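This is what each chain is made of:
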Amino acid sequence: MTVSAMGVGAKRLAAVLLAAATVLLLSSAAASAHTKRRIKALRWAETQAGAPYVYGGTGPFGAGYDCSGLVYKSYLRATGINIGRTTGDMLASRRLVRTNTPRRGDLAFFGSGHVELVYRWKYDWTFGAHDAGSVVGPIHWQYPYWYPTAYYRLRY
């Protein structure tokens, strides 16, 4: 059937369906871009595995990282996005949106003073620079002693 042979109602329905399909495609593309950015940041952090924990550190590898320094540098190097250097800066950023469904590469805050990247959500793992005497890498946390109190995702 040609467009000229369609009735007015059918033309409107076709226009609505086309608009809905366009929105879905654009939403899917945006979601895919967000996922890629989160995964790129996490993968960059993984390249720093084994670097020493150094309070106030932002790398490079040999100089070490603290928790927020690694998260900050991961997003900056992998995506070009500056999310703030300290946990306070990050929590004050308008780029962060709280989420109840964290994904790999999202930010896991432990109170207001510690941040790591979500590594394996359903298995209680994060990735980061934990504390003095440790090295950057995967961290297994357990209730009730040490666990994230909030999760955030970046808004682009």
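Undergrad: Please clarify how the overall build of the chain should be interpreted in this entry.
TA: In terms of helices and strands, the chain carries three helices and six strands. The order of α-helices and β-strands along the chain, N terminus first, is α-α-α-β-β-β-β-β-β. For the chain, with 156 residues in total, the buried portion stands at 38%. Considering only contacts within the chain whose residues lie at least 6 apart along the sequence, 51% involve residues at least 24 apart. A total accessible area of about 9000 Å² is found for the chain, and carbon and sulfur atoms account for 59% of it.

Undergrad: Explanation requested: helix H2 (residues 67-79) in the structure shown.
TA: One turn of an α-helix holds 3.6 residues; hence residues three or four places apart share an orientation. In this model H2 runs 18 Å from its N-terminal to its C-terminal C-alpha over 13 residues, within 8% of the 18 Å that 1.5 Å per residue would give. Most of H2 sits out of view: 10 of its 13 residues are buried. Every buried residue of H2 is listed here: Cys-67, Ser-68, Gly-69, Leu-70, Val-71, Tyr-72, Lys-73, Ser-74, Tyr-75 and Ala-78. Downstream of H2 by one or two residues, Gly-80 has phi in the positive range, about 80 degrees.

Undergrad: Quick question: what am I supposed to make of the sheet that holds strand S2 (residues 107-109) here?
TA: Strand-to-strand pairing in sheets goes through backbone hydrogen bonds, with the strands running parallel or antiparallel. With respect to topology, six strands assemble into an open sheet ordered S1-S6-S2-S3-S4-S5, the strand pairing being antiparallel. The sheet is open, and its two borders are formed by strand S1 (96-98) and strand S5 (137-140), each paired with just one other strand. Geometrically, the sheet is characterised by an average inter-axis angle of 45 degrees between neighbouring strands, direction not taken into account. Sheet analysis places S1 next to strand S6 (residues 150-154), joined by three bridges and oriented antiparallel. Opposite Val-97, over in S6, you have Arg-153 as the bridge partner.

Undergrad: Just to check I follow, could you spell out the environment of Tyr-75 for this structure?
TA: Inspection of the secondary structure puts Tyr-75 in helix H2. It is 9.8 Å that separates the C-alpha atoms of Tyr-75 and Leu-154, two residues lying 79 residues apart in sequence. When residues no more than four places from it in sequence are discounted, the contact partners of Tyr-75 are Arg-37, Arg-38, Ala-41, Gly-80, Ile-81, Ile-83, Gly-105, Asp-106, Leu-107, Leu-117, Leu-154 and Tyr-156. A distance of 2.5 Å separates a polar side-chain atom of Tyr-75 from the backbone oxygen of Gly-105.

Undergrad: Help me understand the side chain of Ser-74 in this model?
TA: Along the polypeptide, Ser-74 turns up in helix H2. Engagement of the side chain of Ser-74 in a polar contact is seen with the backbone oxygen of Leu-70, the distance being 2.7 Å. Aside from chain neighbours lying at most four places away, what touches Ser-74 is Ala-41, Trp-44, Ala-45, Thr-79 and Leu-117.

Undergrad: Where do I start with the confidence of the model for the chain in this structure?
TA: Any residue range with low pLDDT should be treated as having predicted coordinates unsuitable for detailed reading. Averaged over all residues, the pLDDT of the chain is 84; the fraction at 70 or higher stands at 77%. Low pLDDT, under 50, characterises residues 20-31; the stretch is placed with zero contacts to residues that sit more than four places away or in other chains.

Undergrad: Just to check I follow, could you spell out the packing of aromatic side chains for this structure?
TA: For any pair of aromatic rings, the description rests on two quantities: the centre-to-centre distance and the angle between the ring planes. As enumerated under the stated definition, the model contains four aromatic pairs in all. With 6.5 Å between their ring centres and 90 degrees between their planes, Trp-44 and Tyr-65 make a pair best called edge-to-face. With Trp-44 in helix H1 (residues 8-46) and Tyr-65 in the loop between H1 and H2, this residue pair connects regions lying 21 residues apart in the sequence. Centroid distance Tyr-119 to Phe-127: 5.4 Å. Interplanar angle 45 degrees. Geometry classified as tilted. Of the two residues, Tyr-119 and Phe-127, both sit in the buried class.

What counts and what doesn't
Residues numbered from 1 in each chain as written. Predicted model: local features only at pLDDT ≥ 70, side-chain atom pairs only at ≥ 80, totals over all residues. Heavy atoms only, no water. Helix = DSSP H or I, 4+ residues; strand = E, 2+ residues; numbered from the N terminus. Buried < 20%, exposed > 50% of the residue type's maximum accessible area, 1.4 Å probe, protein only. Contact = heavy atoms within 4.5 Å. Areas by Shrake-Rupley, 256 points an atom, 1.4 Å probe, with all protein chains shown as cover. Expected span 1.5 Å × (residues − 1). Pairing = 2+ DSSP bridges. Axes fitted to C-alpha atoms, helices over the stretch in contact; angles between N-to-C directions. Polar contact = N/O pair within 3.5 Å; in protein donor to acceptor, adjacent residues only side chain to side chain. pLDDT = per-residue confidence, 0-100. Phe/Tyr/Trp six-rings, centres within 6.5 Å; stacked < 30°, edge-to-face > 60°.

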